[in-house]
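# Descriptive structure summary
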Amino acid sequence: MFSTETLKNHVAFITGGAGDIGYEIASMYGRFGAKVAIVGRNRERLDNALQKLRAQGIDAAAFVTDVRDFDQVKHAIEQTVARFGALDILVNNAAGNFHCPTAGLTPNGWKTVIDIDLNGTFHGCLAAYEHLKRSEHGGNIISIITMLGVTGWPGAAHAAAAKAGILSLSRTLAVEWGDDNIRVNTISPGPIGDTEGVQRMYIDTGRDELERRKTALNRFGTKADIAHAAVYLASDMACYVTGDNLVVDGGRWLKYVAA
Ligand code: HXC
């Protein structure tokens with residue numbers, strides 16, 4: 001279904017693009033023909049990711065950006081448009097979280113995660129809007145969330161609330177910006193085995209077998225599973241899909257609710 005032409009002449013901007021899932025999306029978008037800009041806070045990680053993208057022959061750029069700062073996001077998007085001539089796809093992937101029972105969470109700990117995940121996503125959407133409106137392919141916004149935002153996430157109330165907020169924001173924007181030919185969707189990954197988050201939360205803590213069994217398919221997903229979903233949503237094959245939340249979690253949330 002996909003070919004090197006699928007995203008040809010599309011320009012994608014991916015926050016957290018040097019991280020596990022963000023890099024996989026950038027790399028796959030590039031291999032399907034897109035030009036990609038990645039942003040993140042850490043220059044060294046960003047430079048490494050940029051080198052790896054370019055080594056695959058992908059036309060890529062990287063800008064050090066903290067998504068908590070609207071002006072930085074706006075500037076990075078403007079640099080992307082100046083470099084590649086357009087913006088067609090925004091992927092809000094940057095996220096930060098840590099495990100902490102709510103009673104022990106400080107107001108600043110709460111605010112930090114809300115700032116990165118929810119406010120960072122809003123900043124991306126707002127800064128990208130005027131450019132996405134002008135996209136000759138139709139604009140696309142894809143935000144990475146989790147069904148734990150819907151079910152609740154004991155030990156991560158800040159991240160759960162932020163992800164639920166992104167789901168709601170995306171549904172609102174899908175309607176508000178539909179007339180502008182901008183599609184707005186979310187992807188809800190389940191536990192993705194080859195990521196730092198799952199390594200830290202489940203593998204390092206010896207809970208990996210238990211967590212695998214919590215999925216209907218009895219296994220962790222891969223970064224490529226999420227990138228495939230992100231290619232689909234950004235492509236013309238999903239041209240009538242907006243306001244959707246594509247759950248790519250091996251049936252984890254259904255088993256969670258059914259248990
Ligand atoms: C309690 C903590 C804490 C912890 C930070 N804080 N870590 N509180 N337990 N483990 C508090 C601090 O005390 C401080 O509050 C406030 O949070 C801000 O902390 P800083 O360290 O100053 O923030 P900052 O340097 O901006 O770092 C942001 C961060 C950090 C979110 C805290 O973890 C980060 O940068 N993470 C990025 C990478 C990441 O988390 N990736 C995970 C994505 S994976 P006070 O009150 O003391 O000032 C993922 C997978 C989900 O999301 C998988 C689901 C299945």
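Cut-offs and rules
Chains are numbered independently. Their residues run from 1 in the order of the written sequence. Given that this is a predicted model, residues contribute local features only at a pLDDT of at least 70 and side-chain atom pairs are listed and counted only at 80 or more, while totals for whole chains, interfaces and linings are drawn from all residues. With hydrogens and water set aside, each side-chain value is computed from the structure's full complement of heavy atoms. What counts as a helix is a DSSP run of H or I of at least four residues, what counts as a strand is a run of E of at least two, and both are numbered from the N terminus. Here the globule rule is a power law, 2.2 Å times the number of residues to the power 0.38, and the radius of gyration is based on C-alpha atoms. Burial here depends on accessible area, computed with a 1.4 Å probe over protein chains only, as a share of the maximum for the residue type. Under 20% is buried, over 50% is exposed, and the range in between is partly exposed. Throughout, a contact is declared for two residues whenever any of their heavy atoms are within 4.5 Å. A cavity here means a set of points on a 1 Å grid, drawn over the protein atoms and nothing else, where a 1.4 Å probe fits but cannot get out; a pocket is an open set with protein on both sides within 12 Å along at least five of seven lines, and a residue lines either one if it has an atom within 4 Å of a point. Grid points are joined across faces, edges and corners, and a volume is the space filled by probe spheres set on the points. Polar here means any residue outside two lists: the nonpolar Ala, Val, Leu, Ile, Met, Phe, Trp, Tyr, Cys and Pro, and the charged Asp, Glu, Lys and Arg; Gly therefore counts as polar. One heavy atom within 4 Å of a molecule or strand is enough for the residue carrying it to be called near that molecule or strand. Counted as a polar contact is a pair of N or O atoms within 3.5 Å, where, for protein atoms, one must be capable of donating a hydrogen and the other of accepting one, and residues adjacent in sequence contribute only when both atoms are in side chains. Salt bridges, as used here, are contacts in which a Lys or Arg side-chain nitrogen is within 4 Å of a carboxyl oxygen on Asp or Glu. Lines fitted to the C-alpha atoms define the axes, with helices restricted to the stretch that makes contact. Angles between their N-to-C directions range from 0 to 180 degrees. When an angle is under 35 degrees it counts as roughly parallel; over 145 it counts as roughly antiparallel; between 65 and 115 it counts as roughly perpendicular; any other value is oblique. Whether a crossing is left-handed or right-handed is set by the direction in which the near helix is turned from the far one by less than a right angle, anticlockwise for left-handed and clockwise for right-handed. Definition of nonpolar core: a set of buried residues of the types Ala, Val, Leu, Ile, Met, Phe, Trp, Tyr and Cys, connected through side-chain atoms within 4.5 Å.

Moving on to the overall build of the chain. Within the chain, the secondary structure is distributed over 10 helices and seven strands. Whereas a compact globule of 259 residues would reach a radius of gyration of roughly 18 Å, the chain reaches 17 Å, a difference of no more than 12%. Taking the principal axes of the C-alpha coordinates as reference, the chain spans close to 45 × 40 × 40 Å. Counting only residues that meet the buried cut, the chain has 51% of its 259 residues in that class. Across the chain, every contact between residues at least 6 apart in sequence was considered, and the portion connecting residues at least 24 apart equals 74%.

By volume, the largest pocket is sized at about 1,100 Å³. Lining the largest pocket are 46 residues, and of these Asn 93, Ala 95, Gly 96, Asn 97 and Gly 197 sit closest to its centre. At the level of elements, helix H1 (20-31), strand E2 (35-40), helix H2 (43-55), helix H5 (148-151), helix H7 (196-203) and helix H10 (252-258) are the ones that each hand at least two residues to the lining of the largest pocket. Considering each element in turn, the lining of the largest pocket owes the most residues, six residues, to H7. Residues belonging to the lining of the largest pocket are distributed by class as follows: 21 nonpolar, 15 polar and 10 charged.

A separate point is the site of the ligand. Around the ligand, 17 residues are found, and the nearest of them are Arg 41, Arg 68, Asn 97, Thr 106 and Asn 108. Side-chain polar atom of Thr 106 to an oxygen atom of the ligand: 2.6 Å apart, as the coordinates give it. Asn 108 has a polar side-chain atom sitting 2.9 Å from an oxygen atom of the ligand. Listed by contribution, the elements that provide at least two residues to the shell around the ligand are helix H4 (107-133) and H7. With four residues, H4 is the largest single contributor of residues to the shell around the ligand. Within the shell around the ligand, the residues separate by chemical class into eight nonpolar, six polar and three charged.

A few words on the pattern of salt bridges. Overall, the coordinates contain 11 salt bridges when judged by the stated rule. With its nearest N and O atoms 3.0 Å apart, the salt bridge here joins Asp 115 to Lys 111. Of this pair, Asp 115 and Lys 111 are both found in helix H4, four residues apart, which corresponds to roughly one turn of the helix. Using a relative accessible area of 17% as the deciding quantity, one classes Asp 115 as buried. In this structure, the salt-bridge partner of Glu 211 is Lys 214, at a minimum N-O distance of 3.2 Å. Exposure remark for Lys 214: the relative accessible area of 30% places this residue in the partly exposed category.

Let us look at the packing of H1 against helix H9 (residues 223-234). At their nearest, the axes of H1 and H9 sit 9 Å apart, and the two run at 50° to each other. Relative to H9, the element H1 is oriented oblique. Crossing of H1 over H9 shows right-handed handedness. The segment H1 lies against H9, with Asp 20, Ile 21, Glu 24, Ile 25, Met 28 and Tyr 29 engaging Lys 223, Ala 224, Ile 226, Ala 227, His 228, Ala 230, Val 231 and Ala 234. By residue class, the composition of the contact of H1 with H9 is 10 nonpolar, one polar and three charged.

Below, the discussion takes up the nonpolar core. Leu 7, Ile 14, Ile 25, Tyr 29, Val 36, Leu 53 and Ile 187 are the most contacted members of the largest nonpolar core, which totals 35 residues. At the level of elements, strand E1 (11-15), H1, E2, H2, strand E4 (89-92), strand E5 (139-144) and H9 are the ones that each hand at least two residues to this core. Other than its neighbours up to four places away in sequence, Ile 14 contacts Gly 22, Ile 25, Ala 26, Tyr 29, Val 36, Ala 37, Ile 38, Val 39 and Val 91. One finds Phe 13, Ala 37, Val 81 and Ala 128 within the second-largest nonpolar core, a separate group that totals 28 residues.

By themselves, these are just geometric observations and shouldn't be taken as functional.
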